[in-house]
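# Working through the structure, step by step
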Amino acid sequence: MIGKLVLLHLRWFGLFAFVGGLAIVFGNIQEGQSAVFTTAAFWIGLAPVIAVVAILAVLVPWLVFMIDPRRPAGAVTAEAFLRYWKAL
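Below is a short write-up of the structure. (Residues numbered from 1 in each chain as written. Predicted model: local features only at pLDDT ≥ 70, side-chain atom pairs only at ≥ 80, totals over all residues. Heavy atoms only, no water.)

## Some words on the pattern of salt bridges
This model, assessed by the stated rule, comprises 2 salt bridges. The partner of Arg70 in a salt bridge is Asp68, and the shortest N-O contact between them spans 3.4 Å. For Arg70, a relative accessible area of 71% corresponds to the exposed category. One salt bridge in this structure joins Glu79 and Arg83, with 2.9 Å as the shortest N-O distance. Linking Glu79 with Arg83, this pair stays in helix H4 (residues 78-84), spanning 4 residues, or about one helical turn. (Salt bridge = Lys/Arg side-chain N within 4 Å of Asp/Glu carboxyl O. Buried < 20%, exposed > 50% of the residue type's maximum accessible area, 1.4 Å probe, protein only. Helix = DSSP H or I, 4+ residues; strand = E, 2+ residues; numbered from the N terminus.)

What follows is the structure, given as structure tokens:
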């Protein structure tokens, strides 16, 4: 069950990382700063973005699960969470 939880959160991480990455890349390209991609400072500067993405990848699915009025009543458990997201 832990493996399925990890995979579910990795999918959310991938979604948020893709969107965040596109925003950063297109923002730099629009400003004409595409040379910044070759600097180490740029890649090190992505650490806060990756941290926020990782936090969101854990919080968002759980919050959606908890506040959804269509969710079956019952205890908030990892098994119910995985069934809600159709991972079980």
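Having seen the structure, we can now continue with the description.
## Concerning the packing of aromatic side chains
Evaluated as defined, the whole model comprises 9 aromatic pairs. Ring geometry for Phe37 against Phe42: centres 5.2 Å apart, planes inclined by 75°, an arrangement best described as edge-to-face. The class for Phe42 is buried, based on a relative accessible area of 13%. Here the aromatic cluster, defined as three or more aromatic residues joined through ring pairs, consists of Trp12, Phe16, Trp62, Phe65, Phe81, Tyr84 and Trp85. One residue, Arg71, lies across the ring of Phe65, its end atom 4.8 Å from the ring centre. (Phe/Tyr/Trp six-rings, centres within 6.5 Å; stacked < 30°, edge-to-face > 60°. Lys NZ or Arg CZ within 6 Å of the ring centre and 35° of its normal.)

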